[in-house]
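Structural features, examined
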Amino acid sequence: MKGIKYILGSALLMLSTAVMAQAQRNEMLLNAVSFINTPYGVKTLDMNNEEQLVLNTDEVDCVTLVENVLAMSLAENSQTLEVNEQDFTRWLTKIRYRNGVIDGYPSRLHYMTEWISNGIKQGFLEDITAVQSPYTLKTDINYMTSHVNSYPKLQLSADNVAKMKQIEASITGQEVHYVPKDYLTDEGFFWIRSGDIIAITTNTPGLDVAHMGIAMNVDGTLALLHASTTDMKVEVSKVSLKEMLRRNKSWTGIRVIRMKK
C-alpha cells in the first residue's frame, strides 16, 4: 500500500501554476493530484474469496481512485495535514459499504446511485446537481444481474444474485438530478468546483453511471482527473470534460457530488 500522505513535486509540477494554487487549498484536489500516473488496476476489490476491505493505493480504477481520494480527504487531520491509517480505513469502509458494514459481496456499493445516497445519508457527501440543475432522469438498474457471467462473485453464488436483484429493485425508479451533456460547456459552470466528484451517467441498459473522476479547472477549462482505461493510468484529461462526453455516445451527462466535512 502506498504511504498515505500528500505527494507534491513531480505530479504538481506537470500542471499549471493556477492548478498548483488550487491544489494547495483543496484537500480533494491535492489528494487526487497525488495519484497522477498511478497504474490502472482491474478488479482489485475482487481478489479475496470472502468480502473484506481492500486497501490498495498502488493501482486504482475510476471508482477506487475516487474512494481513496475521498477517504484520505475525510481522514486528514486539519492541524497536521496528516492522514492516520486507522482513520483512513474507517472512512473507506463507510464510503464503500452500505451503512459502513461489510456483510458479503452485496454489501459493497456497486451502483453509484446507492453509493452517492449512502454518502449523503451518512453526512459526508452532498449532491450539488440536486440543487443546481433542473434536469432529472429515472434510474433503471439491473446491469449486474443481467450480466452475471461478468461478475465471478455472482457466478459462484445464487444467494448473491438474489440479494443483488433486491438491491437493484430498491434503487430502480429513483429520480436523480444531472446535467445533460448538451448543456455542459467547455468551461463548466461556476458551481462546479475543482475537487468535486463527477459521476458520468449513461444510456447503457441497466446501468446508472459509466465512469467517474475528480473535477479540475485547467486554465479555464473543466477537465477530469480520472483513471483512464485508454492510457491505463491516472491522468488529467487532455480535452475538456464536455469533449470527453461528446466523444462517447453512451455517456449522457454528469452528476456533481461534493465532499461534506
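As a starting point, this report considers the structure included with it. (Residues numbered from 1 in each chain as written. Predicted model: local features only at pLDDT ≥ 70, side-chain atom pairs only at ≥ 80, totals over all residues. Heavy atoms only, no water.)

1. A look at the packing of aromatic side chains
Under the defined criterion, the tally for this structure stands at 3 aromatic pairs. An angle of 0° between the planes, with centres 5.3 Å apart, marks the rings of Phe189 and Trp191 as stacked. Accessibility expressed as a relative area gives 26% for Phe189, which makes it partly exposed. With relative accessibility at 10%, the residue Trp191 sits in the buried group. Across from the ring centre of Trp91, 5.1 Å away, lies the NZ or CZ of Lys94, which sits over that ring. (Phe/Tyr/Trp six-rings, centres within 6.5 Å; stacked < 30°, edge-to-face > 60°. Buried < 20%, exposed > 50% of the residue type's maximum accessible area, 1.4 Å probe, protein only. Lys NZ or Arg CZ within 6 Å of the ring centre and 35° of its normal.)

2. Thoughts on the nonpolar core
One finds Leu65, Leu70, Trp115, Ile197, Ile214 and Leu225 to be the most contacted residues of the largest nonpolar core, which totals 43 residues. No other element matches the 9 residues that helix 4 (residues 62-75) contributes to this core. Excluding residues within four positions of it along the chain, Trp115 makes contact with Val66, Glu67, Leu70, Ile95, Leu109, Leu125, Ile197 and Met212. Listed in part, the 16 residues of the second largest apolar core include Ile128, Leu224, Leu241 and Trp251. (Core = buried A, V, L, I, M, F, W, Y, C linked by side-chain atoms within 4.5 Å. Helix = DSSP H or I, 4+ residues; strand = E, 2+ residues; numbered from the N terminus. Contact = heavy atoms within 4.5 Å.)

3. Quick notes on the environment of Gln174
Looking at the secondary structure, you find Gln174 in the loop between helix 10 (158-171) and strand 3 (175-177). Along the chain, Gln174 and Glu59 lie 115 residues apart, while their C-alpha atoms are 33 Å from each other. Beyond its immediate stretch of four places on either side in the chain, Gln174 contacts Thr113, Ser117, Leu137, Lys138 and Thr139.

4. Looking at the side chain of Asn26
With respect to the helices and strands, Asn26 occurs in the loop between helix 2 (17-24) and helix 3 (27-33). Side-chain polar atoms of Asn26 contact the backbone nitrogen of Leu29, separated by 2.9 Å. Beyond its immediate stretch of four places on either side in the chain, Asn26 contacts Ser194 and Gly195. (Polar contact = N/O pair within 3.5 Å; in protein donor to acceptor, adjacent residues only side chain to side chain.)

5. Some remarks on the layout of surface pockets
For the largest pocket, the calculated volume is near 860 Å³. Every residue lining the largest pocket is counted, 30 residues in all, and those nearest its centre are Lys43, Asp61, Val63, His110 and Tyr151. Counting residues per element, the ones that place at least two in the lining of the largest pocket are helix 4, helix 8 (143-146) and strand 6 (209-218). The residue makeup of the lining of the largest pocket, split by class, is 16 nonpolar, 7 polar and 7 charged. Within this model, the second largest pocket holds a volume of roughly 330 Å³. Contributions of two or more residues to the lining of the second largest pocket are made by strand 7 (221-228) and helix 11 (241-247). In terms of residues, the lining of the second largest pocket owes the most to one element, strand 7, which gives 3 residues. (1 Å grid on protein atoms, 1.4 Å probe; cavity = no way out; pocket = protein on both sides within 12 Å on 5 of 7 lines; lining within 4 Å. Points joined across faces, edges and corners; volume = space filled by probe spheres on them. Nonpolar A, V, L, I, M, F, W, Y, C, P; charged D, E, K, R; others polar.)

6. Remarks on helix 10
Counted at 1.5 Å a residue, the expected span for helix 10 with its 14 residues is 20 Å, and the 20 Å between its end C-alpha atoms agrees. Along helix 10, the residues classified as buried are Asn160, Val161, Met164, Ile167, Glu168 and Ile171. Within helix 10, the buried residues cover an arc of 125° as seen down the axis, which keeps them to one side. Across from the buried face of helix 10, at angles greater than 90 degrees, the exposed residues are Ala158, Gln166 and Ala169. Looking at the buried side of helix 10, the elements it contacts are helix 6 (112-122), helix 8 and helix 9 (152-155). (Expected span 1.5 Å × (residues − 1). Arc of directions from axis to C-beta.)

7. Some thoughts on the pairing of strand 8 (residues 233-236)
The side chains of a regular strand alternate between the sheet's two faces. Note: strand 7 against strand 8, 4 bridges, orientation antiparallel. Directly across from Ala227, in strand 8, lies its bridge partner Val234. A loop of 4 residues connects strand 7 with strand 8, the two strands running antiparallel in sequence, and Met232 in this loop sits at a positive phi of about 55°. (Pairing = 2+ DSSP bridges.)

8. A few points about unusual backbone geometry
Positioned with a positive phi, Asn37 is a non-glycine residue whose angle comes to about 80°. Position of Asn37 among the secondary structure elements: in the loop between helix 3 and helix 4. Taking relative accessible area as the criterion, Asn37 reaches 41% and is therefore assigned partly exposed. One non-glycine residue, Asp219, lies in positive phi territory at about 50°. By the secondary structure assignment, Asp219 is in the loop between strand 6 and strand 7.

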